[in-house]
Amino acid sequence: MKALQLEKPQQWRTIDIPEPQQPGEGEALVRVRRIGICGTDIAGFLGKMPFFSYPRIPGHELGVEVVAVGGGVTNVTTGDLCSVEPYMNCQECYACSRGHTNCCERLKVLGVMMDGGMTEQMVLPARKLHRANKLSPEQCALVETLAIGCHAVNRGNPKAGENVLVIGAGPIGLSVIEFVKLSGARTIVMDMNEKRLEFCREKMGVQETIVAGDGKESEALGWVTAGRMADLVIDATGSNKSMGQALNYAAFTGRVVYVGITQQEITFPHAPVMHRRELTLMGSRNALPPDFTRIIELIEQGKIDTRPWITHETNFANLINMFESYTKPETGVIKAIVTVE
Ligand SMILES: NC(=O)c1ccc[n+]([C@@H]2O[C@H](COP(=O)([O-])OP(=O)(O)OC[C@H]3O[C@@H](n4cnc5c(N)ncnc54)[C@H](O)[C@@H]3O)[C@@H](O)[C@H]2O)c1
Ligand SMILES: [Zn+2]
Ligand SMILES: [Zn+2]
């Protein structure tokens with residue numbers, strides 16, 4: 001059976017791996033039908049992802065079909081189309097015991113810290129499969145990206161009528177925008193890439209956008225919010241500079257959520273900003289099982305339109321050739337989807 005492996009940064013190869021065994025207790029054998037390519041895969045390819053180890057079969061945004069189930073499996077059956085929750089949690093640590101399966105102390109993400117779905121078939125814990133028979137396989141592969149935004153927005157808990165500033169309009173920022181819109185809050189998007197802001201206005205129905213980088217961002221946000229600033233700021237840039245600056249955009253008693261990730265230190269003024277405004281600062285990691293269920297329902301009901309999302313498509317045989325182009329934002333790539341069959 002074929003699999004695609006990153007032998008080391010910048011070095012793909014096609015390998016032959018043994019067919020998976022029959023599923024054991026609580027497991028399911030699945031056929032991988034679609035794989036979404038995300039920033040994590042790109043960072044892994046570029047060698048910029050500290051959690052990524054090599055050699056590695058990537059692939060964590062998966063639309064799969066159940067081929068066989070092991071004993072005790074009741075949530076899925078043969079033939080079901082599913083979205084995969086790729087966060088393999090230990091089920092024993094303190095975080096897991098409190099239901100924070102997104103944030104397990106020994107968490108392994110499929111395709112990052114363990115081999116993932118860039119292969120034909122695999123055995124997975126059935127509890128990590130979310131049945132989605134009314135979705136297309138492509139839509140199943142999109143659910144995980146959306147789940148990242150869903151969880152970040154749940155953390156920030158925006159209410160109708162509030163001003164929410166989303167900084168960074170890459171795929172993660174876009175997934176945040178989907179859920180801010182559903183909350184009924186007002187969405188304001190900031191990025192320094194004008195093309196990405198244009199995408200937000202034209203394809204995502206965002207009305208207010210602010211170009212970052214001219215030093216007049218706060219002033220612009222003040223205009224848009226009648227001087228209140230943002231009740232909730234969600235930073236999806238992955239830039240430590242932006243993350244430090246983000247607190248300046250928050251309203252008095254506002255909330256700030258970091259969904260983007262940086263290895264750098266973040267600095268911000270405490271007394272004049274964090275303290276004076278009594279801000280609440282939150283992290284956001286991965287997503288929870290109910291997020292997957294909710295997103296599948298929202299797509300079924302047409303409340304999330306997945307059409308703008310899939311900008312590029314390829315197949316398994318061509319992915320290695322195409323991959324480098326997906327690392328370049330100027331190609332307009334939001335989400336590339338790989339067909340395996
Ligand atoms: N919380 C999680 O569990 C989770 C999961 C997946 C990815 N991430 C992280 O989310 C972040 C975003 O991922 P992505 O794939 O959308 O990345 P991306 O690089 O495609 O998008 C980032 C966007 O931020 C903009 N940006 C960068 N610096 C800026 C600044 N100073 N001001 C304004 N805009 C700025 C860029 O122009 C770009 O459009 C990454 O850090 C990624 O690691 C987090
Ligand atoms: Zn991803
Ligand atoms: Zn755990």
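Placed above this text is the structure.
All right, on to the packing of aromatic side chains then. Throughout the structure, instances matching the rule amount to six aromatic pairs. Note on Phe52 and Tyr54: the rings are 5.3 Å apart at their centroids and 40 degrees apart in plane angle, and the pair reads as tilted. Look at Tyr54 and you get partly exposed, because its relative accessible area is 28%. An aromatic cluster of at least three residues, connected via ring pairs, comprises Trp12, Phe45, Phe323 and Tyr326. Sitting above the plane of the Tyr94 ring, Arg98 keeps its charged end 4.1 Å from the centroid.

Tetrahedral coordination by four donors places them ideally at 109.5 degrees to one another around the metal; octahedral coordination by six donors ideally gives 90 or 180 degrees. Coordination sphere of the zinc ion (ligand 3), protein contribution only: Cys90 (SG), Cys93 (SG), Cys96 (SG) and Cys104 (SG), at 2.3 to 2.4 Å. Each of the four donor atoms bound to the zinc ion (ligand 3) contributes to angles spanning 103 to 119 degrees, and the resulting shape is tetrahedral. The exposure class of Cys104 is buried, given its relative accessible area of 1%.

It is worth spelling out the sheet that holds strand S12 (residues 208–211) at this point. Strand order across the open sheet formed by six strands is S12-S11-S10-S13-S14-S15, with parallel pairing between neighbours. The sheet is open, and its two borders are formed by S12 and strand S15 (280–283), each paired with just one other strand. With direction set aside, neighbouring strand axes in the sheet form an average angle of 20 degrees. The sheet contact formed by strand S13 (residues 230–235) and strand S14 (residues 250–258) spans five bridges and is parallel. Each bridged residue has a counterpart across the sheet, and for Leu232 the counterpart in S14 is Arg255. Strands S13, S14 and S15 of the sheet are contacted by helix H3 (residues 137–156), whose axis makes an angle of about 150 degrees with S14.

How each quantity is defined
Residues numbered from 1 in each chain as written. Chains lettered and ligands numbered in written order. Predicted model: local features only at pLDDT ≥ 70, side-chain atom pairs only at ≥ 80, totals over all residues. Heavy atoms only, no water. Phe/Tyr/Trp six-rings, centres within 6.5 Å; stacked < 30°, edge-to-face > 60°. Buried < 20%, exposed > 50% of the residue type's maximum accessible area, 1.4 Å probe, protein only. Lys NZ or Arg CZ within 6 Å of the ring centre and 35° of its normal. Donors = N, O, S within 2.8 Å, 3.2 Å for Na, K, Ca; no water. Tetrahedral: all angles 85-135°; square planar, octahedral: opposite > 155°, others 65-115°. Pairing = 2+ DSSP bridges. Helix = DSSP H or I, 4+ residues; strand = E, 2+ residues; numbered from the N terminus. Axes fitted to C-alpha atoms, helices over the stretch in contact; angles between N-to-C directions. Contact = heavy atoms within 4.5 Å.

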